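Reading the structure
The chain contents come next:
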Amino acid sequence: MTTIRMIAGRPLGVVLLLLTCLAAVACSAVPGSGPAEDVRQVVATGQQGSGPAQIQPGLSQEAIVRGFIEASAQSNNDPLLSNARAYLTPVAGEAWHRTPVGFTLISSSFGTRVDPKDESVVEITGTIVGRIAADGSFEPPPQNTSYQTKWRLAKVDDEWRIEKPASEMVMRFEDFNNSYRQMRVYFLDHTSSVVVPDLRYLPERSKPVSMADALMTALLNGPSAQLRQAVHTEITSTTRLRQNVVLAEDEKAIKVDLIGVGTSDPQRRQALIAQVLFTLQSVATRVEITIDGEQLPDRSVNDLGSFDPEKVPGLGQSSSSSGNVTSQAYVVTDAGAVTDLAGIPIQGTAGYPGLKLTSAAMSAATGTLAAISTQSEQNQQQLYVGQPLSGQPMEQALPATTLTLPSFNRAGDELWTVKNGATKPEVVRVFYTAQTTPAGVHTSFARVDSSQLAEKGPVTGLALSPDGVRVAVVAGGGVWIGVIQYTDDPASGGVGGTSGTGIATIAKLMPLRSELNEVGPVVWKDPQTLLIGAKNKDNHEFYRTLYQVSVDGWQRTQISTSVIFNDIKGISYASGANPPLLATFAAQPSGQDLWQRDTLTALGNWSRVLSPSGQQVTGSWIFYPN
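Model, not experiment: these values are computed from the prediction.

Along the protein chain, the regular secondary structure elements total six helices and 40 strands. In the protein chain, buried positions account for 55% of the 626 residues. The long-range fraction of contacts in the protein chain, counting pairs at least 24 apart against all pairs at least 6 apart in sequence, stands at 57%. About 26,600 Å² of surface is accessible on the protein chain, with carbon and sulfur atoms providing 49% of the total.

Shown next, in the form of structure tokens:
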């Protein structure tokens, strides 16, 4: 048999949560030839191999409620939740959740009490820490995080059982952490050229093939509500598995047999294969893929590097290159010039103080430099754009009262910035081409529909995700995560693309970790993780420190403490660099300090940025191309 071999990808970050109430198992073999036939079967309620657990007799109403909540989290060992059903009355158990549903996550220290006026009613109170949707995606908690509900119980053979639980399940944070695992399901950006991770929380399975089946089910069911209308998929409404994901004959690979794909177009099939392989890379090193009865040739994730959002074309490399971000760091000096760490000015006007630059960003794909100049005497900032490494001059592109640090797209031919963020925020796309137009300019512009930013407060930062689908916005002192939706622009005769003329809209803005306030810099570590400089109002921090936060807000890790430095002003990260993190801190009594960190863990060490000759590097900003 010909196989598609998939090389295991990057390690998974965090082990966490989700819920699937029906478990799929392989119930018959795949025909060796002939027309594709759907032989996939699913275990029905009541077919669980082992019966439900025996409940200790004489339990109180509160003990029954707590036992039910705990058993509801054990879908990894009890996929049909037979043990949880044992706490329900026969009628309630028959009707309770035969299909996957969402559930509310509450703090582990929740309370229960019997209603003093009705012994058959138990009140549950706690703090909401989030919600898991039916598709397994995490949703942040509401502004009002208090949880309160009442369940009705009844006597069955003189034993208390739950007659009417809440319409949506509830699960303790601790149980969720112990029983669920954070996984990634991959879809496609609007150009179908890059895969986009969609975080899901699935019950932990002891066998990789079972987890692979759950992942394929999630892929077939489509993107989460947050990403819907912002991503594309080659999984159509007719695509399905002919059988459950199973082990291959050699028991070293898993087999994925898809039917109903309905296309022989090579590019579309390539994109579909990328979705499958990236989705399964965390649970399988080899995958055998069959599409509509056709066994496909060998392929690996490494062969599909152009789809990988974490691999950005490096300087001087083609867009199909799988090279990582260049590790060359640059500094904006106190005098306003851009130099390397040895103090050698970058080519062209950006290397000299005349432009009075205060911050800058560079695309690793094209070497395009975008820099902010502050003219204090005019109370104005100016965006300059150019390609100094290729001899192209810096060009005045966009004046404004204030401008946010530019953020490049993956291809490096487009950047986004927010002008006048404190008064009337306006998100602008700036397109740059190295070819001079007849008018003698290299830049053009398009406004972004950012109406959802209204009433969010002053906008002080914006960062595009590496896959180009999500955007992080700093507004009102907090972080908001949205998606970018592209629509055709008939008047311009084009559609949204890598640098298309389609209308871009920032949509579905959601707050990210509301306890983080007075937020400063925000950068993307990878497509599912952000690095944020912020204060934590719950900890009463005096200075901004560094946090790592998952894009859905579930995971938050503090990387640095507030006891060494002043406010963190800027962050730059490059996965292929050593060290990977550069930071700009506010110095006392004035000025900036440039530091580097060797790892992104709490055990990492800060050290001063040094030149190749060992001298301390000074400046107002430090950055990697990205």
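Moving on, there is more to tell.
Taken as a whole and assessed by the stated rule, the structure comprises 13 aromatic pairs. Ring geometry for Phe68 against Trp151: centres 5.5 Å apart, planes inclined by 75 degrees, an arrangement best described as edge-to-face. Taken together, the residues Phe68 in helix H1 (residues 61-72) and Trp151 in strand S7 (residues 146-156) connect sequence positions 83 residues apart. Here Phe68 and Trp151 have matching classes, each one buried. Seen from their ring centres, Tyr186 and Phe278 are 5.6 Å apart, and the 55 degrees between their planes marks the pair as tilted.

What follows deals with the pattern of salt bridges. One pass over the structure, following the stated rule, counts 21 salt bridges. Note that Lys155 is salt-bridged to Asp158, the shortest N-O span being 3.7 Å. By relative accessible area, Lys155 is classed as partly exposed at 44%. One continuous salt-bridge network, built from bridges that share partners, spans Arg131, Glu139 and Glu168.

The next subject is the sheet that holds strand S37 (residues 581-586). Reading across from one edge, S36-S37-S38-S39 is the order of the four strands in this open sheet, with antiparallel pairing throughout. Every interior strand has two partners, whereas the edge strands, strand S36 (568-573) and strand S39 (606-608), have only one. This sheet shows a mean twist of 30 degrees between the axes of neighbouring strands, independent of strand direction. Here strand S38 (residues 592-597) pairs with S39 via three bridges, running antiparallel. Paired with Arg597 across the strands is Trp606, a residue of S39.

The next point concerns the pairing of strand S19 (residues 357-362). Most of S19 sits out of view: five of its six residues are buried. Examined bridge by bridge, S19 and strand S20 (residues 369-375) share five bridges and lie antiparallel to one another. Residue Ala361 lies in a different strand from S20, and its bridge partner there is Ala370. Counted along the chain from S19 to the antiparallel partner S20, the turn is six residues long, and its residue Gly367 has a positive phi close to 80 degrees.

So, on to the sheet that holds strand S24 (residues 414-419). In space, the four strands of this open sheet follow the order S23-S24-S25-S26, with antiparallel pairing throughout. The strands lining the two open edges of the sheet, one partner per strand, are strand S23 (407-408) and strand S26 (443-447).

So, on to the environment of Leu202. Mapped onto the secondary structure, Leu202 falls in strand S11 (residues 195-203). Here Leu202 falls in the buried class, since its relative accessible area comes to 2%. In the structure, Leu202 is positioned 26 residues away from Phe176 in sequence and 9.9 Å away in space, judged by C-alpha atoms.

What follows covers unusual backbone geometry. Negative phi is the rule for most residues except glycine; trans is the rule for most peptide bonds. For the peptide bond that leads from Asn578 to Pro579, omega is 5 degrees, which places it in the cis range. Within the fold, Pro579 resides in the loop between S36 and S37. Phi is positive for Glu455, which is not a glycine, with a value near 65 degrees. Mapped onto the elements of the fold, Glu455 is located in the loop between S26 and strand S27 (459-464). Overall, Glu455 belongs to the exposed group, its relative accessible area being 84%. One non-glycine residue, Glu518, adopts positive backbone phi at about 45 degrees. Inspection of the secondary structure puts Glu518 in the loop between strand S31 (516-517) and strand S32 (522-526).

So, on to the side chain of Arg172. With respect to the element layout, Arg172 can be found in strand S9 (residues 169-172). A polar contact of 2.9 Å, which involves the side chain of Arg172, links it to the side chain of Asp175. Non-local contacts of Arg172, meaning those with residues more than four positions away in its chain, are made with Ile69, Ile106, Ser108 and Phe110.

Rules behind the numbers
Residues numbered from 1 in each chain as written. Predicted model: local features only at pLDDT ≥ 70, side-chain atom pairs only at ≥ 80, totals over all residues. Heavy atoms only, no water. Helix = DSSP H or I, 4+ residues; strand = E, 2+ residues; numbered from the N terminus. Buried < 20%, exposed > 50% of the residue type's maximum accessible area, 1.4 Å probe, protein only. Contact = heavy atoms within 4.5 Å. Areas by Shrake-Rupley, 256 points an atom, 1.4 Å probe, with all protein chains shown as cover. Phe/Tyr/Trp six-rings, centres within 6.5 Å; stacked < 30°, edge-to-face > 60°. Salt bridge = Lys/Arg side-chain N within 4 Å of Asp/Glu carboxyl O. Pairing = 2+ DSSP bridges. Axes fitted to C-alpha atoms, helices over the stretch in contact; angles between N-to-C directions. Polar contact = N/O pair within 3.5 Å; in protein donor to acceptor, adjacent residues only side chain to side chain.

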